[in-house]
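Take a look at the letters that make up each chain.
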Amino acid sequence: SQTIHQWPATLVQPVGSPLSLECTVEGTSNPNLYWYRQAAGRGLQLLFYSVGIGQISSEVPQNLSASRPQDRQFILSSKKLLLSDSGFYLCAWKGGGGTEAFFGQGTRLTVV
Amino acid sequence: TQLLEQSPQFLSIQEGENLTVYCNSSSVFSSLQWYRQEPGEGPVLLVTVVTGGEVKKLKRLTFQFGDARKDSSLHITAAQPGDTGLYLCAGDSPYNFNKFYFGSGTKLNVKP
């Protein structure tokens, strides 16, 4: 069966520090991978998606970047965090069109 | 501009009441999905609707896909406190099936 791991679960970082959130998927190959950010009680904002190794599409201009160094690994990074980067970050994988998206447990990032 | 707009944004009702949540778009979708999310966790799929006019039932939950495939609704009969959560509609972008978007979310609170 497929599983998705996302870590860390919570993170408190000072403004200006770097960020690296990692997501790995097991039990499937060549998945579409996604990073979302969610404000409290609101919908998920698509940040990045990837259809293959090294292929990254950015949805909104921001202080963040993403990379996919391996087929089942997706990384969200920042060189210098801003206060506005605080939020709940979710990684997801998905197959083709119309298929279900599976999510990691999320990372609660607080920038102080 | 949100591709998928949900209404209402918040809903607080008493146990036993009925409710309907709406998901609307100006674009045609090949399919729409409904997810439910608990605080601090990733969304979990409830249903996928594919055919215009389709109605699917999941116990006390009834999902409908609009005839034109631009909107969907979720109706809950006799709501229970266990139904409390964030309800999200989602779909593959009509313009790029690799982009998977979520609606703005409806936060439901069912009081005992």
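Right, let's talk about the overall build of chain A for a bit. When helices and strands are tallied, chain A shows zero helices and 11 strands. Element order for chain A, N to C, with α for helix and β for strand: β-β-β-β-β-β-β-β-β-β-β. In terms of C-alpha radius of gyration, chain A reaches 13 Å, essentially the compact-globule figure of 13 Å for 112 residues. On the principal axes, the C-alpha backbone points of chain A span a range of 40 × 30 × 25 Å. One way to put it: in chain A the 8 positive side-chain charges average out to a point 8 Å from where the 6 negative ones average out.

Under the defined criterion, the tally for this structure stands at two disulfides over all chains. Here Cys23 of chain A pairs with Cys91 of chain A through a disulfide, and the sulfurs are 1.9 Å apart. Between Cys23 of chain A and Cys91 of chain A, the disulfide has an S-S torsion of -75 degrees and is therefore left-handed. On the criterion of sequence distance, the pair formed by Cys23 of chain A in strand 3 (residues 19-26) and Cys91 of chain A in strand 9 (residues 87-94) is long-range, its members being 68 residues apart. A sulfur-sulfur separation of 2.1 Å characterises the disulfide bridge that pairs Cys23 of chain B with Cys89 of chain B. An S-S torsion of about 75 degrees defines the bridge between Cys23 of chain B and Cys89 of chain B as right-handed. Here Cys23 of chain B is found in strand 3 (residues 19-24), whereas its partner Cys89 of chain B is found in strand 9 (residues 85-92), with 66 residues between them in sequence. Exposure class is identical for Cys23 of chain B and Cys89 of chain B. Each is buried.

Let us look at the sheet that holds strand 7 (residues 61-65) of chain B. All names here are of chain B. Taken together, five strands build an open sheet; the order of strands is 1-3-8-7-6 and the sheet is antiparallel. Unpaired on one side and paired on the other, strand 1 (5-7) and strand 6 (55-58) mark the two borders of the sheet. Direction aside, neighbouring strands of the sheet carry axes that sit 15 degrees apart on average.

The rules behind these values
Residues numbered from 1 in each chain as written. Chains lettered and ligands numbered in written order. Predicted model: local features only at pLDDT ≥ 70, side-chain atom pairs only at ≥ 80, totals over all residues. Heavy atoms only, no water. Helix = DSSP H or I, 4+ residues; strand = E, 2+ residues; numbered from the N terminus. Rg over C-alpha atoms; globule rule 2.2 N^0.38 Å. Lys, Arg positive; Asp, Glu negative; His and termini not counted. Charge placed at Lys NZ, Arg CZ, Asp CG, Glu CD. Disulfide = S-S within 2.5 Å. Buried < 20%, exposed > 50% of the residue type's maximum accessible area, 1.4 Å probe, protein only. Pairing = 2+ DSSP bridges. Axes fitted to C-alpha atoms, helices over the stretch in contact; angles between N-to-C directions.

That is the geometry; function is a separate question.
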